[in-house]
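# Descriptive analysis of the structure
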Amino acid sequence: MRWEDLTGDQFPEAVKQAESVCLLPFSCIERHGHHLPLGTDMFIGRELCRRVAELEPAVIFPDYFFTQILEARHTPGTFGIQPELIISLLENVCREIARNGLTKIVIINAHGGNDHLINYFAQIQLASRRDYVVYIPQPAYVTEESATAAQWETVVDGHAGERETSMLLAIRPALVKLESLPSDGEGMPLGRLKQLGDQGTYVGIWWYADHPTHYCGDGRPATAEKGEAWFVDRSRALARALRTIKDDKDSRRLQDEFFSKVG
Ligand SMILES: [Zn+2]
C-alpha cells in the first residue's frame, strides 16, 4: 500500500492492515558510474519495499532521498543535504508518520553511504520520549534458500557494479546504458589511502580516495536474471524481519520504561 495512492478515507484501514508498520524507502540521488541513472538507489528502494509489502502488508512512504551523500557532491546531478537538516528533517518525518498512526517505522536502506547514518539515527531515538519505534532491519545477505549467493562473478563490487547493474536490468532496463560500461578497470579502488585502511583507520574522504568517479566494481557480467534473484532473496529476508517487527511489543515497552527512569 503506497501512502500516496490511498485516499484519506482509506488510510485508517490501511494502518490497521499494516499493523501500524510504515516502510521508509531510504535512498539518495547520486552518480552511479557512466551507465546507471542518478536515481538508481531510489528505484531499488522503491522496488524492494513494493516486494516486501506484498509478502507482509505495510504502508510504504513515498521515496525518501534527503539522506547522506556528501561524498558525491563533486559529480553532476548529485543532491546533497546538510547534516543537521538530514537529522532534523528525518525526526520531523518520523513524528508525522507516527501522528498518522504508523508507530513502527522501518527504514529500508538502499544506499551504502547511509549505513552510519541509520544506526546513529536509531541510537538517538533515546534523546527524548516518543510514541513510536524506529527499526533498521539488516538481515544477512546470504540466506539458506539464497538463489543469489553463488551467482556473482565479480569480487570487487560496491557501487554501480555487477549487483546494482543487475538490479536495474531487472526493474528499469531502459535506463541502463550498457554501451557506456568501461573496460579499463575504472571501478577498481585506487588505494590512495590504503596505508590508513590497512591499519583499520577510517576517514570520511576514503570513498573519494578509492572511487572518485563513483564506480566500484565491474558491471559487465550483470544480467536481469541475477537482479531478479537478488530482489526475491532480499525481499524474503526483509519480510521475515518485518514479521518479527510486527510481533515486537518489547521495544516500545522498554523504550517507555527507559524514559520513565530518565524523567
Ligand atoms: Zn547505489
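The notes below deal with the structure included here. (Residues numbered from 1 in each chain as written. Predicted model: local features only at pLDDT ≥ 70, side-chain atom pairs only at ≥ 80, totals over all residues. Heavy atoms only, no water.)

### So, the coordination of the zinc ion
- Listed as protein donors to the zinc ion are His-32 (NE2), Asp-41 (OD) and Glu-164 (OE); their distances from the metal cover 1.9 to 2.1 Å.
- Each donor residue of the zinc ion belongs to the same chain, with the gaps between them written as H-x8-D-x122-E. Taken together, the positions of Asp-41 in helix H2 (residues 40–55) and Glu-164 in helix H5 (residues 162–171) put the pair 123 residues apart, joining distant regions of the chain. Here Asp-41 and Glu-164 have matching classes, each one buried. (Donors = N, O, S within 2.8 Å, 3.2 Å for Na, K, Ca; no water. Helix = DSSP H or I, 4+ residues; strand = E, 2+ residues; numbered from the N terminus. Buried < 20%, exposed > 50% of the residue type's maximum accessible area, 1.4 Å probe, protein only.)

### Overview of the packing of H5 against helix H8 (residues 224–247)
- H8 packs onto H5 with a crossing angle of 95° between their chain directions and a minimal axis gap of 7 Å. As judged from the angle between their axes, H5 and H8 are roughly perpendicular. The residues of H8 that touch H5, namely those facing Glu-162, Ser-166, Met-167, Leu-169, Ala-170 and Ile-171, are Ala-224, Lys-226, Gly-227, Glu-228, Trp-230 and Phe-231.
- Taken together, the residues of the contact of H5 with H8 break down into seven nonpolar, two polar and three charged. (Axes fitted to C-alpha atoms, helices over the stretch in contact; angles between N-to-C directions. Parallel < 35°, antiparallel > 145°, perpendicular 65-115°, else oblique. Contact = heavy atoms within 4.5 Å. Nonpolar A, V, L, I, M, F, W, Y, C, P; charged D, E, K, R; others polar.)

### What about the sheet that holds strand S4 (residues 133–135)?
- The parallel open sheet is built from four strands, whose spatial order is S2-S1-S3-S4. On the outer flanks of this sheet lie strand S2 (59–60) and S4, each paired with one strand and no other.
- Sheet topology places strand S1 (residues 21–26) next to S2; two bridges connect them, and they run parallel. Within S2, the residue paired with Leu-23 across the bridge is Ile-60.
- Its contacts with the sheet put helix H4 (residues 115–123) on S1, strand S3 (104–109) and S4, and the angle it makes with S3 is roughly 165°. (Pairing = 2+ DSSP bridges.)

### Some remarks on the nonpolar core
- One finds Leu-23, Ile-44, Val-106, Ile-108, Trp-230, Phe-231 and Leu-242 to be the most contacted residues of the largest nonpolar core, which totals 34 residues.
- Elements with a contribution of two residues or more to this core: S1, H2, S3, S4, H5 and H8.
- In terms of residue count, the dominant contributor to this core is H2 (seven residues).
- Excluding anything up to four places from it in sequence, Leu-23 contacts Cys-49, Val-52, Ala-53, Ala-58, Val-59, Ile-60, Phe-61, Val-106, Ile-108 and Leu-242.
- Counting 28 residues, the second-largest nonpolar core is a separate cluster that includes Cys-22, Ile-86, Ile-87 and Leu-90. (Core = buried A, V, L, I, M, F, W, Y, C linked by side-chain atoms within 4.5 Å.)

### Considerations on the layout of surface pockets
- Its volume calculated, the largest pocket comes out at about 1,100 Å³.
- Along the wall of the largest pocket there are 43 residues; nearest its centre are Asn-109, His-111, Gly-112, Gly-113 and Asp-115.
- Among the secondary structure elements, those contributing two or more residues to the lining of the largest pocket are H2, helix H3 (83–99), S3, H4, H5, helix H7 (206–210) and H8.
- At five residues, the largest contribution of residues to the lining of the largest pocket is made by H4.
- Partitioning the lining of the largest pocket into residue classes produces 23 nonpolar, twelve polar and eight charged.
- Roughly 200 Å³ of volume is contained in the second largest pocket.
- Together, Gly-191, Leu-193, Lys-194, Leu-196, Gly-197, Asp-198, Thr-201, Tyr-202, Val-203, Trp-206, Ala-209 and Asp-210 line the second largest pocket.
- For the lining of the second largest pocket, the elements supplying multiple residues, two or more each, are helix H6 (194–197) and H7.
- The residue inventory of the lining of the second largest pocket, partitioned by class, reads six nonpolar, three polar and three charged. (1 Å grid on protein atoms, 1.4 Å probe; cavity = no way out; pocket = protein on both sides within 12 Å on 5 of 7 lines; lining within 4 Å. Points joined across faces, edges and corners; volume = space filled by probe spheres on them.)

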